[in-house]
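Below, each chain spelled out in residue letters.
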Amino acid sequence: MTPGAALRVVHEPDTGIDLEAAERAAGELLRALGISTDSESLSGTPGRMARAYAELFTPRPFDLTTFPNEEGYDELVLARAIPVRSVCEHHLLPFTGVAHVGYLPGQRILGLSKLARIVEHFACRPQVQERLTKQVADWLGEHLQPKGVGVVIEAEHTCMTLRGVQATGAHTVTSTLLGTLRADARARHEFFALTGVNGA
């Protein structure tokens, strides 16, 4: 690679989605639950369900572009409150919240919008929050090779707030720290302080 050239990693989604089959299955599910789709207002619901889940499970393609850290910047880079939407893999009910994603640059830096793209990429599939948090951190560590990575996700799970225990307002917080942000107490404290999460 030419010195100073941008490193590009392109990710194309491989969906394999069959909307017609999904619509038929959604209709069968509703009928099995005792919900008739014969009325005008419900006749299009199976199709809308199929398209809604297809959208939730299809990440947009993106270019991960990194650039040389020519200024030698070595302080924390943090994107706070990145919106997160995903679907619990146990009940297929949504969970939503925010992600705080930061890294200590090494030889390369990353376009800031790409931090949100990476979160979206891993959130667009049936998930558990713990795995999602680790996937974002591990992916950044592998592709960017920074000195440290920190990811915190705060989310409300409707499988917990709308059903079962019905713990309205409960939020789940997960974190993954790699490199210096895990090993150095002062760097770890700075990261959690900037995210607004008490992780010291």
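Because the structure is a prediction, the values reported are computed rather than measured.

With that settled, consider the overall build of the protein chain. When helices and strands are tallied, the protein chain shows seven helices and eight strands. Seen through its principal axes, the protein chain has C-alpha atoms that stretch 65 × 40 × 20 Å. Considering the protein chain as a whole, with its 200 residues, one finds that 38% of them fall into the buried category. Counting only contacts in the protein chain whose residues sit at least 6 apart along the sequence, the fraction spanning at least 24 positions is 68%. Total accessible area computed for the protein chain in this model is approximately 11300 Å², and 52% of it derives from carbon and sulfur atoms. Once the 19 positive and 23 negative side-chain charges of the protein chain are each reduced to a mean point, those two points are 2 Å apart.

If you look at the biggest cluster of nonpolar residues, it comprises 28 residues, and the most contacted ones within it are Val101, Leu110, Ile118, Leu132, Val136 and Leu140. Those elements giving two or more residues to this core turn out to be β2 (62-68), β3 (77-88), β4 (94-104), α3 (113-123), α4 (129-144) and β7 (148-157). Sorting elements by how many residues they give to this core places α4 first, with six residues. If sequence neighbours within four positions are ignored, Val101 has contacts with Val77, Leu78, Ala79, Ile82, Leu115, Val119, Val136, Leu140, Gly150 and Val151. Among the nonpolar cores identified, the runner-up in size contains nine residues, and Leu76, Leu104, Leu181 and Phe192 belong to it.

In this section: the pattern of salt bridges. Evaluated as defined, the whole model comprises four salt bridges. Here Glu55 ties to Arg85 by a salt bridge, and the two come within 3.8 Å at their closest N and O atoms. Here Glu55 is found in helix α2 (residues 45-56), whereas its partner Arg85 is found in strand β3, with 30 residues between them in sequence. By relative accessible area, Glu55 is classed as partly exposed at 49%. A residue is classified by how much of its surface remains accessible, and Arg85, at 41% relative accessible area, is partly exposed. Glu89 is paired through a salt bridge with Arg131; the nearest N and O atoms lie 3.0 Å apart. In this pair, Glu89 sits in the loop between β3 and β4 while Arg131 sits in helix α4, placing the two residues 42 residues apart along the sequence.

Right, let's talk about the packing of aromatic side chains for a bit. Note on aromatic pairs: each is described by the distance of the centres and the angle between the planes. Summed over the entire model, instances satisfying the criterion amount to three aromatic pairs. With 6.4 Å between their ring centres and 70° between their planes, Phe122 and Trp139 make a pair best called edge-to-face. Separated by 17 residues along the polypeptide, Phe122 in helix α3 and Trp139 in helix α4 bring together distant segments of the chain. You can call Phe122 buried: its relative accessible area is 9%.

Mapping Ile35 onto the fold places it in the loop between α1 (19-32) and α2. Once you skip the residues sitting within four places of it in the chain, Ile35 turns out to touch Leu30 and Leu42.

At a minimum axis separation of 9 Å, α3 and α4 run at an interaxial angle of 130°. Taken together, the axis directions place α3 and α4 in an arrangement best described as oblique. Considering only the axes of α3 and α4, their crossing is right-handed. Across the interface between the two elements, Leu115, Ile118, Val119, Phe122 and Ala123 from α3 touch Leu132, Gln135, Val136, Trp139 and Leu140 from α4. Looking at the contact of α3 with α4, its residues break down into nine nonpolar, one polar and no charged.

Criteria and cut-off values
- Residues numbered from 1 in each chain as written.
- Predicted model: local features only at pLDDT ≥ 70, side-chain atom pairs only at ≥ 80, totals over all residues.
- Heavy atoms only, no water.
- Helix = DSSP H or I, 4+ residues; strand = E, 2+ residues; numbered from the N terminus.
- Buried < 20%, exposed > 50% of the residue type's maximum accessible area, 1.4 Å probe, protein only.
- Contact = heavy atoms within 4.5 Å.
- Areas by Shrake-Rupley, 256 points an atom, 1.4 Å probe, with all protein chains shown as cover.
- Lys, Arg positive; Asp, Glu negative; His and termini not counted.
- Charge placed at Lys NZ, Arg CZ, Asp CG, Glu CD.
- Core = buried A, V, L, I, M, F, W, Y, C linked by side-chain atoms within 4.5 Å.
- Salt bridge = Lys/Arg side-chain N within 4 Å of Asp/Glu carboxyl O.
- Phe/Tyr/Trp six-rings, centres within 6.5 Å; stacked < 30°, edge-to-face > 60°.
- Axes fitted to C-alpha atoms, helices over the stretch in contact; angles between N-to-C directions.
- Parallel < 35°, antiparallel > 145°, perpendicular 65-115°, else oblique.
- Left-handed = near helix turned anticlockwise from the far one by under 90°.
- Nonpolar A, V, L, I, M, F, W, Y, C, P; charged D, E, K, R; others polar.

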